Amino acid sequence: MQITRMLVPQNKYDIKCPYEMQPEFIIVHNTANDASAMAEISYMIGNNNKTSFHCAVDNTQIVQAIPFNRNSWNAGDGRNGDGNRKGISIEICYSKSGGEDFDEAEKLAAEYIAYLLKQYNWGIDRVHKHQDFANKYCPHRTLDLGWDRFLNMIKSYLEDKPINNENTENENVENGSDEEVKRYQNGSTTEVVYADTACTKRIGSLDPRESCDCFGIFNDRAMVRYQVNGTNNYKIGFCKWLGGVK
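Remember, predicted model here, so these are calculated numbers, not experimental data.

A. Up close: the environment of Glu-111. Position of Glu-111 relative to the elements: it lies in helix α4 (residues 100-120). Given a relative accessible area of 16%, Glu-111 falls into the buried group. Between the alpha carbons of Glu-111 and Lys-155 there is a distance of 9.1 Å; along the sequence they are 44 residues apart.

B. Spatial organisation of the sheet that holds strand β6 (residues 127-129). Taken in spatial order, the six strands make up an open sheet running β1-β4-β3-β5-β2-β6, and their pairing is mixed. With one partner strand each, in any of the chains shown, β1 (3-5) and β6 form the two edges of the open sheet. The average undirected angle you get between the axes of adjacent strands in this sheet is 25 degrees. Examined bridge by bridge, β1 and strand β4 (residues 62-64) share three bridges and lie parallel to one another.

C. Looking closely at unusual backbone geometry. In this chain, Cys-138 is followed by Pro-139 through a cis amide linkage whose omega measures 5 degrees. By the secondary structure assignment, Pro-139 is in the loop between β6 and α5 (140-145). Even without glycine at this site, Ala-32 takes up a positive phi of about 70 degrees. Inspection of the secondary structure assignment puts Ala-32 in the loop between β2 (25-30) and α2 (37-46). For Ala-32, a relative accessible area of 46% corresponds to the partly exposed category. Of note in the backbone geometry, Arg-209 takes a positive phi value of approximately 70 degrees without being a glycine.

D. A look at the pattern of salt bridges. The final tally for this structure, using the stated rule, is five salt bridges. The residue Lys-129 makes a salt bridge to Asp-132 at a minimum N-O spacing of 3.1 Å. On the basis of relative accessible area, Asp-132 is assigned to the partly exposed category, the value being 40%.

E. Highlighting the side chain of His-130. Relative to the assigned elements, His-130 resides in the loop between β6 and α5. Polar contacts involving the side chain of His-130 include one to the side chain of His-29, which spans 3.3 Å.

F. Molecular detail of the packing of aromatic side chains. Summed over the entire model, instances satisfying the criterion amount to six aromatic pairs. Relative to Trp-73, the ring of Tyr-19 lies with its centre 6.0 Å away and its plane at 90 degrees, an arrangement referred to as edge-to-face. With Tyr-19 in the loop between α1 (13-16) and β2 and Trp-73 in the loop between β4 and α3 (82-86), the pair connects residues that are 54 residues apart, well separated along the chain. A residue is classified by how much of its surface remains accessible, and Trp-73, at 16% relative accessible area, is buried. Ring centres of Tyr-112 and Tyr-115 lie 6.1 Å apart, and the angle between their planes is 20 degrees; on these two criteria the pair is classed as stacked.

Conventions we followed
Residues numbered from 1 in each chain as written. Predicted model: local features only at pLDDT ≥ 70, side-chain atom pairs only at ≥ 80, totals over all residues. Heavy atoms only, no water. Helix = DSSP H or I, 4+ residues; strand = E, 2+ residues; numbered from the N terminus. Buried < 20%, exposed > 50% of the residue type's maximum accessible area, 1.4 Å probe, protein only. Pairing = 2+ DSSP bridges. Axes fitted to C-alpha atoms, helices over the stretch in contact; angles between N-to-C directions. Salt bridge = Lys/Arg side-chain N within 4 Å of Asp/Glu carboxyl O. Polar contact = N/O pair within 3.5 Å; in protein donor to acceptor, adjacent residues only side chain to side chain. Phe/Tyr/Trp six-rings, centres within 6.5 Å; stacked < 30°, edge-to-face > 60°.

Taken by themselves, the reported measurements are silent on function.
In structure tokens:
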């Protein structure tokens, strides 16, 4: 497992996670879109909406945004609801379209939940769905495929497979941006977008003068969320040129 901690800045605690918390269980969500874990976390950190969650999981990594000793506004059960005040909230990505990416994200989420259950010495009874706390059919795709099936997947990691504790932390990005979402205005030439701040893997590009969301500067790279070829699909990545951040 690769766990990247990109934590909400403390000056946003009042909005995103205002209360100290002693976690008592885990709450599973589906994101209802096709963004990556990093994109989900970056968007949540970058806006000033109260909606928040502890972790997002995609097909390659877990990204944590809120410390487990702080609450999140995830469950829709009110200011003092058990879901909002006692649960570790986990969003499973790529649930809008499903397919292989979602299947792999769900498997990684099951492994991570098993890891957390072992860390807290909890049983499978501590795993809940969003639907348990609010009148919302969530995690929708996981429920469609079968909730007991997902619980059994977690059990398989608890009982049959050792939890891989190697590579469980990646502190390359320690904190999220403490600023509102900005705009990134590309210059007069095509700008390559990379998957990492080291700019080793190209994932796409921005057209000349193309504008998109910017979630902040990480390791001297602009983190951008851009539309893919005029579709409703989005990717998130890093640009070398910082002059476009407005």
